[in-house]
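# A closer look at the structure
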Amino acid sequence: MKIAILSRNPDLYSTRRLKEAALERGHEVRTLDVLRCYMNINVQNPSIHTLGKELPHFDAVIPRIGASVTFYGAAVLRQFEMLGTYPLNESVAITRSRDKLRSMQLLSRRGIGLPVTGYASKPSDIPDLIDMVGGTPLVIKLLEGTQGIGVVLAETRKAAESVIEAFMGVKANIMVQEYIKEAGGSDIRCFVVGKKVVAAMKRQAPAGEFRSNLHRGGTATLVKLHPSERTTAVRAAKTMGLNVAGVDILRSARGPVVMEVNSSPGLEGIEEVSGKDVAGQIIEYLEENARPRRTGTKGKG
Ligand code: ADP
Ligand code: MG
């Protein structure tokens, strides 16, 4: 197969590993900087160019689109889809998963376990919003944050009110969430490929921190999943329409709850901790599923 990897940086661990895994299996690979791709959108002969030349046809494309380039990246990916290239994850599914609130709504519709989540726009609704999610402590999240930035734990009602008011004051989109204290500052990353969780790890926040993001100093260890956690992760990825996803789960007293579904999950931590060839499994998935023009829109909303 001829495979394109859409990534801003060819030296990133995930990009390098995917390239390596594809080459090992005898495929042709080209890494493309998504911001250097530009497009000709027309009916007769749509095309994608980079560095002054039209791109050849690719059988499959692996999007590794960072949160900061979601809009442009999704447009480039859509163009590949129009040209009949099979995307590892579809553009619609990626856009869908980047909006935390929309994701929560879709998951709740399917009855997937979630932290109780509230959303409001007017400061006058704050007191009831806080009650809706069960009072304090609670978590306040910027809808488009990543790597733990924009996730705040408010321990008291006063703190919650003033933080929510401040975010509303600067017109930031936020959601308010029940704090899952039992998780003890840890979460579980389930790496889903197709209909399977191929690797999982537990991330633990450092002392004095509740966010387990590795970027916030969290540490990762191997974890044995409960069958209900596997099912939850696979269902969450399917609901979002993602073939490959990093599903983050909190272990709550009422069972697994999904916190977020990541459409470009990193490979470094998960391969290191699990010792598994996750990049290889992704390429195998493409080998089994990539067919010309096989891109129905998956998932809902
Ligand atoms: P980001 O996209 O920035 O990673 P997350 O929603 O994943 O945002 O939150 C970051 C971290 O904060 C999570 O990995 C988890 O450790 C912690 N966290 C988030 N929401 C909750 C919650 N409702 N209850 C307990 N801990 C949470
Ligand atoms: Mg996260």
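As the structure is a computational prediction, the values presented were derived from the model and not from experiment.

### Examining the packing of aromatic side chains
Tallying each qualifying case throughout the model produces 2 aromatic pairs. With a centroid separation of 6.0 Å and an interplanar angle of 85°, the aromatic rings of tyrosine 179 and phenylalanine 210 are classed as edge-to-face. A residue pair is termed long-range when its members are at least 10 positions apart, and tyrosine 179 in the loop between strand S11 (174-178) and strand S12 (186-193) and phenylalanine 210 in the loop between strand S13 (196-204) and strand S14 (219-222) qualify at 31 residues.

### With respect to unusual backbone geometry
Residues threonine 136 and proline 137 are joined by a peptide bond in cis, for which omega reads -5°. Its location among the elements puts proline 137 in the loop between helix H5 (126-132) and strand S9 (138-142). The phi dihedral of leucine 51 falls on the positive side, at around 50°, and the residue is not glycine. Position of leucine 51 relative to the elements: it lies in the loop between strand S4 (47-50) and strand S5 (53-54). In this model, lysine 171 sits at a positive phi of 60°, which is unusual for a non-glycine residue. Looking at the element boundaries, lysine 171 is found in the loop between helix H6 (157-169) and S11.

### Comments concerning the nonpolar core
Within the largest apolar cluster, 42 residues are counted, with the highest numbers of intra-cluster contacts made by Phe80, Val247, Val258 and Val261. With 5 residues, helix H7 (residues 227-240) is the largest single contributor of residues to this core. For valine 247, the contacting residues outside a window of four places in its chain are Ile188, Arg189, Cys190, Val192, Ala233, Ala236, Ala237, Val258, Glu260 and Val261. Listed in part, the 25 residues of the second largest apolar core include Ile5, Val198, Ala199 and Val278.

### Here's the deal with the site of ligand 1
Lys100, Lys141, Gly148, Asn213 and Glu260 are the nearest of the 20 residues found near ligand 1. The contact in question runs from an oxygen atom of ligand 1 to an N or O atom on the backbone of phenylalanine 210, over 3.3 Å. Between an oxygen atom of ligand 1 and a side-chain N or O atom of glutamate 260, the distance comes to 2.7 Å. Contact with the protein chains covers 97% of the free accessible surface of ligand 1, which is 550 Å². Elements that contribute at least two residues to the shell around ligand 1 include exactly S9, S11 and strand S16 (255-262). Split by residue class, the shell around ligand 1 holds 7 nonpolar, 7 polar and 6 charged.

### Things to note about the packing of helix H1 (residues 13-24) against helix H9 (residues 278-289)
Where H1 contacts H9, the axes come no closer than 8 Å and their chain directions differ by 60°. Classified by the angle their axes make, H1 and H9 are oblique. For the crossing formed where H1 meets H9, the hand is right-handed. Where H1 approaches H9, its residues Arg17, Leu18, Ala21 and Ala22 are matched on the opposing element by Ala279, Gly280, Ile282 and Ile283.

### Here's the deal with the domain arrangement of the chain
Taken domain by domain, the chain holds domain 1 (2-96) and domain 2 (117-179). For domain 1 versus domain 2, the distance between C-alpha centres works out to 36 Å.

### Section: the pattern of salt bridges
The final tally for this structure, using the stated rule, is 17 salt bridges. Where arginine 203 meets aspartate 248, a salt bridge forms, and the shortest distance between an N and an O atom there is 3.0 Å. Taken together, the residues arginine 203 in strand S13 and aspartate 248 in strand S15 (residues 244-252) connect sequence positions 45 residues apart. Residues arginine 203 and aspartate 248 agree in their burial class; the two are buried. If you follow the salt bridges from partner to partner, you end up with Arg17, Glu20, Glu24, Arg25, Glu271, Asp277 and Glu284 in one network.

### Topic: the sheet that holds strand S8 (residues 117-118)
Here we have 4 strands laid out as an open sheet, ordered S8-S11-S9-S10, and antiparallel in their pairing. The open sheet is flanked by S8 and strand S10 (151-154), the only strands paired with a single partner. Strand direction decides the pairing type here: S8 and S11, joined by 2 bridges, are antiparallel. Bridge pairing in S11 places glycine 118 opposite valine 176. Where helix H4 (residues 100-109) meets the sheet, its contacts fall on S8, S9 and S11, and the angle it forms with S11 comes to roughly 45°. Seen against the sheet, H6 touches S9, S10 and S11 and runs at an angle of roughly 10° to S9.

### What about the packing of helix H3 (residues 91-98) against H4?
Axis separation between H3 and H4 bottoms out at 5 Å; the angle between their running directions is 100°. One way to sum up the angle between H3 and H4 is to call them roughly perpendicular. In this structure, H3 uses Thr95, Arg96, Ser97 and Arg98 to contact H4, whose residues at the interface are Lys100, Arg102, Ser103 and Leu106. Class assignment of the residues belonging to the contact of H3 with H4 gives a composition of 1 nonpolar, 3 polar and 4 charged.

Criteria and cut-off values
- Residues numbered from 1 in each chain as written.
- Chains lettered and ligands numbered in written order.
- Predicted model: local features only at pLDDT ≥ 70, side-chain atom pairs only at ≥ 80, totals over all residues.
- Heavy atoms only, no water.
- Phe/Tyr/Trp six-rings, centres within 6.5 Å; stacked < 30°, edge-to-face > 60°.
- Helix = DSSP H or I, 4+ residues; strand = E, 2+ residues; numbered from the N terminus.
- Core = buried A, V, L, I, M, F, W, Y, C linked by side-chain atoms within 4.5 Å.
- Buried < 20%, exposed > 50% of the residue type's maximum accessible area, 1.4 Å probe, protein only.
- Contact = heavy atoms within 4.5 Å.
- Near = heavy atom within 4 Å.
- Polar contact = N/O pair within 3.5 Å; in protein donor to acceptor, adjacent residues only side chain to side chain.
- Areas by Shrake-Rupley, 256 points an atom, 1.4 Å probe, with all protein chains shown as cover.
- Nonpolar A, V, L, I, M, F, W, Y, C, P; charged D, E, K, R; others polar.
- Axes fitted to C-alpha atoms, helices over the stretch in contact; angles between N-to-C directions.
- Parallel < 35°, antiparallel > 145°, perpendicular 65-115°, else oblique.
- Left-handed = near helix turned anticlockwise from the far one by under 90°.
- Domains from an automatic or database assignment.
- Salt bridge = Lys/Arg side-chain N within 4 Å of Asp/Glu carboxyl O.
- Pairing = 2+ DSSP bridges.

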